[in-house]
Protein chains: 2
Amino acid sequence: MTGRRTRDPEARRAALAAATMEVIAEAGVGRTTHRAVAAKADLPLGATTYYFPTLDDLIAAGLRHAVETLQTDLHQWEDRLRDAPDMAVALTELVRDYLTDRRQVRLEYELCVAAARDAALRPLADVWMRGLPEILQPYVGADAGRDICALIDGIILLALTTETDVDEPGLTSAIRRLARD
Amino acid sequence: MTGRRTRDPEARRAALAAATMEVIAEAGVGRTTHRAVAAKADLPLGATTYYFPTLDDLIAAGLRHAVETLQTDLHQWEDRLRDAPDMAVALTELVRDYLTDRRQVRLEYELCVAAARDAALRPLADVWMRGLPEILQPYVGADAGRDICALIDGIILLALTTETDVDEPGLTSAIRRLARD
DNA sequence: CTCGCTCTTGTACGATCGTACAAGTACGAA
DNA sequence: TTCGTACTTGTACGATCGTACAAGAGCGAG
């Protein structure tokens with residue numbers, strides 16, 4: 001009928017993916033609906049099904065968008081670790097900073113739980129689960145990289161579910177202990 | 001109308017909570033419905049709203065039931081650790097055994113993500129998040145207990161989302177490194 | 001026995017869901 | 001300019017949802 005706004009299909013695709021990501025962060029995968037996404041993106045309902053035929057497509061696009069955001073975060077982590085004099089301290093600070101945006105953190109665990117249930121989402125979850133160990137590997141080796149990543153995931157989960165702050169000196173110390181061979 | 005089965009309100013309450021737990025494990029909190037729970041418990045739809053007025057009540061009951069299951073697991077962990085000659089090895093075996101029932105494991109993380117979103121569920125999540133560290137504390141102290149628990153949570157999450165098995169010698173070694181002060 | 005309360009069940013209502021689709025609009029190709 | 005295609009939008013349909021509720025059935029108290 002109208003077509004008020006400027007025509008820009010790719011921008012709409014991206015806006016819908018970003019809006020989906022936000023809805024997932026706020027309501028969870030299971031309560032994500034076409035209508036909530038359309039409202040968040042300020043687009044008509046029909047736009048969601050035009051670009052993403054089914055709800056699963058829409059959710060997958062939202063999670064993919066979240067993983068892309070996460071990947072740029074990871075590159076920043078890589079840069080900051082490279083320039084840091086003390087890896088354990090730098091990593092602790094990165095975790096503390098990461099936790100300031102709890103919405104983003106919730107999204108990450110939402111993705112993990114969704115991937116645990118749906119094998120099709122597993123490649124997306126791998127980006128985070130394997131991405132951080134790869135960054136750590138040059139510093140401490142593959143095994144310790146995996147262990148430190150697991151430790152950080154667990155500490156973040158603890159902070160997330162109990163709404164407490166991270167014990168930063170304790171985390172630094174734990175990273176150091178895991179880094180020793 | 002009929003009332004076919006034997007009258008046993010408390011058994012029905014428990015059956016509904018158990019069925020809810022299973023539905024959450026299979027479909028997630030967000031996709032848990034009265035009807036799915038009633039079907040799983042083999043009870044009429046009206047039974048769910050009679051015992052649990054709202055859907056939130058039903059879900060909370062399911063999660064509470066899951067936490068009670070988890071708590072008996074924790075007591076078993078406590079016993080097996082007490083009798084073990086090597087804590088790190090015993091803990092590794094417990095993690096391996098725990099991962100054989102992925103449904104139960106998914107449920108635990110589902111609870112964590114739900115607690116991260118809804119503060120009312122936080123006391124339930126605390127049972128797991130604080131329960132294991134308390135068990136470990138006598139062996140390695142409070143800080144290392146927290147760290148080892150976080151490590152285990154992270155390792156379990158990794159195994160869950162990538163559908164891989166745990167590197168058992170690696171985990172044992174990591175626990176030992178964290179236990180050293 | 002009978003009354004009264006708790007429990008049981010089937011059905012129904014309004015809201016919201018995923019999805020389909022027709023009608024209208026913009027824009028590049030000819 | 002005209003036409004075809006890609007995009008936009010509002011509306012609608014059937015399914016499923018949470019919840020309410022009336023009508024029956026069991027059962028202990030008197």
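Just so you know, these numbers come straight off a predicted model, no measurement behind them. (Residues numbered from 1 in each chain as written. Chains lettered and ligands numbered in written order. Predicted model: local features only at pLDDT ≥ 70, side-chain atom pairs only at ≥ 80, totals over all residues.)

(A) The overall build of chain A, seen in detail. Helices and strands together make up the secondary structure of chain A, namely nine helices and zero strands. Looking at the 181 residues of chain A, the share that counts as buried comes to 39%. Put simply, 61% of the contacts in chain A that link residues at least 6 apart link residues at least 24 apart. (Helix = DSSP H or I, 4+ residues; strand = E, 2+ residues; numbered from the N terminus. Buried ≥ 20, exposed ≤ 12 C-beta atoms within 10 Å, placed from the backbone. Contact = placed C-beta atoms within 7 Å.)

(B) Summary view of the relation of the copies chain B and chain A. Of the transformation placing chain B onto chain A, the axial shift is 0.0 Å and the rotation is 180°, giving an RMSD of 0.0 Å. Considering both components of the superposition, the chain copies are consistent with a two-fold axis. Both copies contact each other with a shared surface, as 100% of the interface residues of chain B are interface residues in chain A too. (Least-squares fit on C-alpha atoms with pLDDT ≥ 70 in both.)

(C) Representation of the interface of chain B and chain A in the model. Listed as interface residues are 36 residues of chain B and, on the opposing side, 36 residues of chain A. Of all the secondary structure elements, the ones that give two or more residues to the side of chain B that touches chain A are α6 (102–117), α7 (122–140), α8 (142–162) and α9 (168–179) of chain B. Here the side of chain B that touches chain A is composed, by residue class, of 18 nonpolar, six polar and twelve charged. (Nonpolar A, V, L, I, M, F, W, Y, C, P; charged D, E, K, R; others polar.)

(D) Structural context of helix α2 (residues 34–41) of chain B. Residues and elements named next belong to chain B. Restricting attention to buried positions, one finds in α2 the residues Val 37, Ala 38 and Ala 41. Burial along α2 is one-sided: seen end-on, the buried residues are contained in an arc of 100°. Looking at the buried side of α2, the elements it contacts are α1 (9–27), α3 (45–51) and α4 (55–82). One or two residues past the end of α2 sits Asp 42, with phi positive at roughly 55°. (Arc of directions from axis to C-beta.)

(E) Examining the packing of α1(B) against α4(B) more closely. All names here are of chain B. Packing of α1 against α4 leaves a shortest axis separation of 8 Å and a crossing angle of 90°. Between α1 and α4, the crossing angle belongs to the class labelled roughly perpendicular. Contact with α1, carried on its side by Ala 17, Ala 18, Thr 20, Met 21 and Ile 24, involves Leu 58, Ile 59, Ala 61, Gly 62, Arg 64, His 65 and Ala 66 of α4 and no other residues of that element. A class-by-class count of the residues in the contact of α1 with α4 yields eight nonpolar, three polar and one charged. (Axes fitted to C-alpha atoms, helices over the stretch in contact; angles between N-to-C directions. Parallel < 35°, antiparallel > 145°, perpendicular 65-115°, else oblique.)

(F) Representation of the UniProt feature "DNA-binding region" (unreviewed entry) in chain A in the model. Within the UniProt annotation, "DNA-binding region" (unreviewed entry) is assigned to residues 33–52 of chain A. Taken end to end, residues 33–52 of chain A comprises 75% helix and 0% strand; its first and last C-alpha atoms sit 12 Å apart. (UniProt positions renumbered as here; feature names shortened; annotations may be inferred.)

(G) Region of interest: the UniProt feature "domain: HTH tetR-type" (unreviewed entry) in chain A. Under the UniProt annotation, the feature "domain: HTH tetR-type" (unreviewed entry) is placed at residues 10–70 of chain A. In residues 10–70 of chain A, the share of helix is 80% and the share of strand is 0%. The end C-alpha atoms are 21 Å apart.

(H) Up close: the packing of α1(B) against α6(B). Residues and elements named next belong to chain B. At a closest axis distance of 8 Å, the pairing of α1 and α6 adopts a crossing angle of 85°. Relative to α6, α1 is oriented roughly perpendicular. Along its contact with α1, which presents Met 21, Ile 24 and Ala 25, the element α6 presents Arg 103, Arg 106, Leu 107 and Glu 110. Across the contact of α1 with α6, the residue classes tally to four nonpolar, no polar and three charged.

(I) Layout of the environment of Ala66(B). Residues and elements named next belong to chain B. Mapped onto the fold, Ala 66 is located in helix α4. For Ala 66, a count of 25 C-beta atoms within 10 Å puts it in the buried group. For Ala 66 and Arg 106, which are 40 residues apart along the polypeptide, the C-alpha to C-alpha distance reads 11 Å. When near neighbours in sequence (up to four residues on either side) are disregarded, Ala 66 contacts Met 21, Leu 107 and Leu 111.

(J) Structural context of unusual backbone geometry. The phi angle at Asp42(A) is positive, at roughly 55°, despite the residue not being glycine. On the secondary structure map, Asp42(A) appears in the loop between α2 (34–41) and α3 (45–51).

(K) Helix α5 (residues 87–98) of chain B, seen in detail. All names here are of chain B. Compared with an ideal rise of 1.5 Å per residue, which puts twelve residues at 16 Å, α5 spans 16 Å between its outermost C-alpha atoms and is within 8% of the ideal. Of the residues making up α5, those classed as buried are Ala 88, Leu 91, Thr 92 and Val 95. Take α5 and look down its axis: the buried residues cluster within an arc of 100°, on one side only. The secondary structure elements touched by the buried residues of α5 are α4, α8 and α9. (Expected span 1.5 Å × (residues − 1).)

(L) Spotlight on the environment of Ala115(B). Summarising the element assignment, Ala115(B) is placed in helix α6. When the C-alpha atoms of Ala115(B) and Ala125(B) are compared, they prove to be 6.4 Å apart, with ten residues separating the residues in sequence. Ignoring sequence-local partners within four residues, the contact set of Ala115(B) consists of Thr161(A), Leu121(B), Arg122(B), Leu124(B) and Ala125(B).

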